[in-house]
Amino acid sequence: MTDDTSRMFPVGRTALIALVPEADPLVGDWRSRLDPVARAGVPAHVSVLYPFLDESRIDASVHAGLAGILHPRPAFDLRFERTGRFPGCLYLAPEPAGPLRRLTSEVAGRWPEAPPYGGRYPDTVPHLTVAQGAGAADLDAAEADLAGRLPLTSRVSSVKLVAYDGTAWRERASFALRGNRAGASPTD
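What you see is a predicted model; the values in this text were computed from it and never measured. (Residues numbered from 1 in each chain as written. Predicted model: local features only at pLDDT ≥ 70, side-chain atom pairs only at ≥ 80, totals over all residues. Heavy atoms only, no water.)

Just to check I follow, could you spell out the overall build of the protein for this structure?
Secondary structure assignment for the protein yields 6 helices and 9 strands. For the protein, the C-alpha radius of gyration of 16 Å lies close to 16 Å, the compact-globule estimate for 188 residues. Looking at the 188 residues of the protein, the share that counts as buried comes to 49%. For the protein, long-range pairs separated by at least 24 residues make up 74% of all intrachain contacts whose partners lie at least 6 apart in sequence. As displayed, the protein has an accessible area near 8,800 Å², and 52% of this comes from carbon and sulfur atoms. A distance of 4 Å separates the average location of the 21 positive side-chain charges in the protein from that of its 22 negative side-chain charges. (Helix = DSSP H or I, 4+ residues; strand = E, 2+ residues; numbered from the N terminus. Rg over C-alpha atoms; globule rule 2.2 N^0.38 Å. Buried < 20%, exposed > 50% of the residue type's maximum accessible area, 1.4 Å probe, protein only. Contact = heavy atoms within 4.5 Å. Areas by Shrake-Rupley, 256 points an atom, 1.4 Å probe, with all protein chains shown as cover. Lys, Arg positive; Asp, Glu negative; His and termini not counted. Charge placed at Lys NZ, Arg CZ, Asp CG, Glu CD.)

Just to check I follow, could you spell out the packing of aromatic side chains for this structure?
In this description, an aromatic ring pair is defined by two values, namely the gap between the centres and the angle between the planes. Throughout the structure, instances matching the rule amount to 8 aromatic pairs. For the pair Tyr-50 and Tyr-117, a centre-to-centre distance of 6.2 Å together with 55 degrees between the ring planes defines the contact as tilted. Here Tyr-50 is found in the loop between strand E2 (45-49) and helix H4 (60-70), whereas its partner Tyr-117 is found in the loop between helix H5 (98-110) and strand E5 (128-132), with 67 residues between them in sequence. The class for Tyr-50 is buried, based on a relative accessible area of 18%. Over the aromatic face of Trp-111 sits the side chain of Arg-110, whose NZ or CZ is 4.4 Å from the ring centroid. (Phe/Tyr/Trp six-rings, centres within 6.5 Å; stacked < 30°, edge-to-face > 60°. Lys NZ or Arg CZ within 6 Å of the ring centre and 35° of its normal.)

Would you mind showing me how to read the side chain of His-127 here?
Within the secondary structure, His-127 sits in the loop between H5 and E5. Note on His-127: relative accessible area 13%, which makes it buried. A polar side-chain atom of His-127 sits 2.6 Å from the main-chain carbonyl oxygen of Val-125. A polar atom in the side chain of His-127 sits 3.5 Å from the side chain of Thr-129. Those residues in contact with His-127, other than ones at most four positions away along the chain, are His-45, Val-46, Ser-47, Phe-86, Tyr-91, Leu-92, Pro-94 and Tyr-117. (Polar contact = N/O pair within 3.5 Å; in protein donor to acceptor, adjacent residues only side chain to side chain.)

Structural data, given as structure tokens:
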């Protein structure tokens, strides 16, 4: 990993994410070029809570708390029909956003010391990042390319706990939503 990536993410930083593997064929090339999170090993996703607790704080009780919040929630479908922008960022907008907002609200409510994006934004907007920190020309090119290739749909059936180990982001656990296999399953 480059020094830039190591400076962006401290070792032990964690996140809760909903993977969107159906987006990889569509956005994978753009993300690999224009999104440092993709270069650090995170596949296409929508964040549920970033940053979450430092990895040193995650133990069996945190896993149980996450499973208690996430497992009763039903799995849901997302549709991505349009792009959106933040300054220096291009994203795909998931619809409906309500299920993602509720997951974020419930997890952040249980761990108020981990507000979404460190509390920097008063209202978080669910999104699948395609490019960040990129120039306007790159954002315009990516947006033009994606415009004719949407929509795409994805089923969210679990939330992944990922952690940065100094080299890459790695999955630490998967928490199934209702309608899928029960409980949390740690991964290596």
